[in-house]
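Analysis of the macromolecular model
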Amino acid sequence: MTIGIRRFGVLAMAATLAIAACSSAATTPPAASSASSAAPAGGSFAAPACASGTITAVGSTALQPLVDAAGKAYVAACPAATVTVNGGGSGTGLTQVASGAANIGDSDVTAESKLATPDAATLVDHPVAKQGWIVVANKDVTGVTNLTTDQNKQIWTGAVTNWKQVGGPDLPIVLILRPTSSGTRATFKQIVLGGASEANGQALTEDSNGAVTTSVQATPGSISVIGFAYYQGTAKANLVGFQLDGVDATVANMASGVYKLNAVGHMYTKGQPTGLTKAFLDYMLSDAVQKGLIPAQFYAPVNP
Amino acid sequence: MAVVGEAAGLAGLHVRPALRDRLDLPRRVVFLAAASMVAIVFVLLGFIAWQGVQLFVQNGYPIGSVISTTWSPQDAPISFGVLPFVAGTIGVTGVAVLISAPLSIGLALFLSEVAPRWARAVVQPALEIFVGIPSVVWGWLGLTILVPFLRTNLNGLGFTLGFSWFAGSLVLSIMILPTITTITYDAFRAVPQDLRTGSLALGTTRWQTIRHILLPAARAGTLTAIVLGLTRAAGEALAVQMVIGNRPTMPTSLTQPMTTLTSQITLDMGNTVFGAPDNNVLWTMGLILLAISMIAVLLIRKLNRSGGRR
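Residues numbered from 1 in each chain as written. Chains lettered and ligands numbered in written order. Predicted model: local features only at pLDDT ≥ 70, side-chain atom pairs only at ≥ 80, totals over all residues. Heavy atoms only, no water.

All names here are of chain A. Counted according to the given criterion, the structure contains eight salt bridges over all chains. A salt bridge links K164 to D170; the shortest N-O distance between them is 3.9 Å. For the pair formed by K164 and D170, the shared burial category is exposed. Two residues, K291 and D287, come together in a salt bridge whose shortest N-O distance is 3.7 Å. With K291 and D287 both in helix α13 (residues 287–296), this residue pair falls four residues apart, about one helical turn. (Salt bridge = Lys/Arg side-chain N within 4 Å of Asp/Glu carboxyl O. Buried < 20%, exposed > 50% of the residue type's maximum accessible area, 1.4 Å probe, protein only. Helix = DSSP H or I, 4+ residues; strand = E, 2+ residues; numbered from the N terminus.)

Our focus in this paragraph is the nonpolar core. Across soluble globular proteins, you tend to see nonpolar side chains buried next to one another. Residue and element names in this part refer to chain A. Grouped together as the largest cluster of nonpolar side chains are 87 residues, with contacts concentrated most on I155, W156, W163, I223, F242 and L261. Residues within four places of I223 in sequence aside, it is in contact with V135, V136, A137, L147, I155, W156, W163, I173, V174, L175, I176 and F242. Within the second largest apolar cluster, 29 residues are counted, among which are A57, Y74, V85 and F280. (Core = buried A, V, L, I, M, F, W, Y, C linked by side-chain atoms within 4.5 Å. Contact = heavy atoms within 4.5 Å.)

For the rest of this paragraph, the subject is the domain arrangement of chain A. It is common to give the size of an interface as the accessible area lost on bringing the parts into contact. All names here are of chain A. Taken domain by domain, chain A holds domain 1 (50–130 + 265–301) and domain 2 (132–256). Domain 1 and domain 2 are separated by 28 Å when their C-alpha centres are compared. Contacts between the two partners involve 10 residues from domain 1 and, on the opposite side, 11 residues from domain 2. Area buried by domain 1 at its contact with domain 2 is led by D108, K130 and F298, which between them contribute 47% of it. Our count for the domain 1 to domain 2 interface comes out at zero salt bridges. The interface formed by domain 1 and domain 2 contains one residue pair in polar contact (both at pLDDT 80 or more). Looking at the side of domain 1 that touches domain 2, its residues break down into five nonpolar, two polar and three charged. (Domains from an automatic or database assignment. Buried area = accessible area lost by both parts, 1.4 Å probe. Polar contact = N/O pair within 3.5 Å; in protein donor to acceptor, adjacent residues only side chain to side chain. Nonpolar A, V, L, I, M, F, W, Y, C, P; charged D, E, K, R; others polar.)

Another point: the state of the cysteines. Each disulfide consists of one covalent bond between the sulfur atoms belonging to two cysteines. All names here are of chain A. Applying the stated rule across the entire model yields one disulfide over all chains. Covalently, C50 is tied to C78 through a disulfide, its sulfur atoms 1.9 Å apart. Disulfide C50-C78: torsion about the S-S bond near -80°, hence left-handed. With C50 in the loop between α2 (32–38) and β1 (53–59) and C78 in the loop between α3 (64–77) and β2 (81–88), the pair connects residues that are 28 residues apart, well separated along the chain. The class for C78 is buried, based on a relative accessible area of 2%. (Disulfide = S-S within 2.5 Å.)

Before going further, it helps to examine the pairing of strand β8 (residues 222–227) of chain A. Residue and element names in this part refer to chain A. For β8, the buried fraction is high: six of the six residues fall into the buried class. The side-chain alternation of β8 yields two buried faces, one formed by S222, S224 and I226 and the other by I223, V225 and G227. Two elements, strand β4 (residues 123–138) and β8, share five bridges in a ladder whose sense is antiparallel. Looking across to β8, one finds that V135 is bridged to V225. Relative to β8, strand β6 (residues 174–177) runs parallel, the two being bridged by two bridges. The residue of β8 that forms the bridge with L175 is I223. (Pairing = 2+ DSSP bridges.)

Let's shift gears to the pairing of β6 of chain A. All names here are of chain A. A two-sided burial pattern is seen for β6, the buried positions comprising V174 and I176 on one face and L175 and L177 on the other. Of the strand pairs in this sheet, β6 and strand β7 (residues 204–205) are connected by two bridges, and their pairing is parallel. Each residue of the ladder has a partner; that of I176, found in β7, is L204.

Attention now goes to the interface of chain A and chain B. The interface of chain A with chain B comprises 41 residues on the first partner and 36 residues on the second. Between chain A and chain B the total buried area reaches about 3200 Å² when both faces are included, carbon and sulfur atoms providing 57% of it. Inspection of the region where chain A meets chain B yields zero salt bridges. Our count for the chain A to chain B interface comes out at 10 residue pairs in polar contact (both at pLDDT 80 or more). Mapped onto the side of chain A that touches chain B, the elements with two or more residues apiece are α1 (2–27), α4 (90–99), β7 and α9 (209–218) of chain A. A class-by-class count of the residues in the side of chain A that touches chain B yields 17 nonpolar, 17 polar and seven charged.

Here it is as structure tokens:
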């Protein structure tokens, strides 16, 4: 009997471990570690106006590397402040800021597109950066360097199903989508697909930039869309990145506006910000972030 | 003096017990622990049930709208059909148990009836380590080893992508193997030794004893183990999500991608906002998942009662 109980104890412990593993995997941003290493430490920019206290910013994982780096840099300059940055997704960010659980909600999309009007009306939008996405494919897709908007439409709606139809090898195209609720998917659908529906029935779905990057590297003939911050280092070497309508997917082209697959990253507050929240948002728009951190993290300044 | 002393002693018996004893703290503490556990369960059940019906109450979708095979929460015509996810959960779990149950029962039989002491001393700790491996590791192994293996080596069988129903079931079957094995093993050990010796004394072989005495006597325990394995598999999210490809259509083939309730909930929960229809439908899925595991729990209780009568 005691042996039985002991074993059940182990089972229960394993279940707890599994739950812990689940939740940590779901909330940890794939690029968090790379974010901190790329952050310049203040540099030659003016010191931020310091405020004290504790604030929390929650939401978009696409924007998280930037907010995380800015939070670290701000706290380094202002030791009396604590800035906690979490992921969870744009929807979580908007929900939490609207309910007052977080001071700042990060989102790839506008509050109006997600929240009901009365909730969205209480939120104040602070656009902080431009973020870009690139269409990528598995390394075995050779001979294709550019996809036009029309070709993308045909590929993503399932009208074109083989790479040879767009000048590549004789290889079936495997679409890797984000969930329908994803900000990345919504942005790509609006800007490139013109609102056309993706071919769900032939696709795989992965839930984060990191998971998509891994899957595209591993799956022959696959195509997907990832944030600029994720198309770096080994991922860049192991993927094929496409031009869009002949324009290179670079931060410079996004900043000048010729590369169209980009969107503004938003930080929302409930009502006008005060205290540390205001000081931190001012810091996000200061030169230290807009000219220092933002290029280092592969974003573009919100006001060119 | 002696009389007085005795009277004083007797009077002592009638002194009210000390406050500490009257409070009987340990009893109250354990009662409170049990009561709060029950309360938490009911609050959670109530919350999930309440959230689970908000799609119909708050957002005004008819109940029939979820009984559909079309999942299109953003594109018109909007449809919240959850049947692909329910079918996926049942399908991936069912196949996992079909793979795992015979293996687990065989392993439990070996441990309980056949294995020499030293073999048991090796296999049991190995099983316990097995249980301790987190699900994300199983999923990762599945993603890095199983999926590419299926795609390259069994492409001819139809595994065009590797991500598939079969991959999900295989990963799950390994994860639930220790659960089914340990509980079945306990059921076998609980069969009285007299039954075995009595049977052997009649001249039966070991296999005949197992087949005709042990397995029928431990039937309820074995079935309980399988149902527990089923619920564990149905509730698993991460490892399955990593290898099944998450295609929100009805499952068609063991070799093709599919999706499950748990995996769709984790995919969509971070990107939807509380109270919106596409978030409320996730709660509805959670409610369905809860209903599945409650049916399993009822089944276990029924099995144990009928097992007790035998």
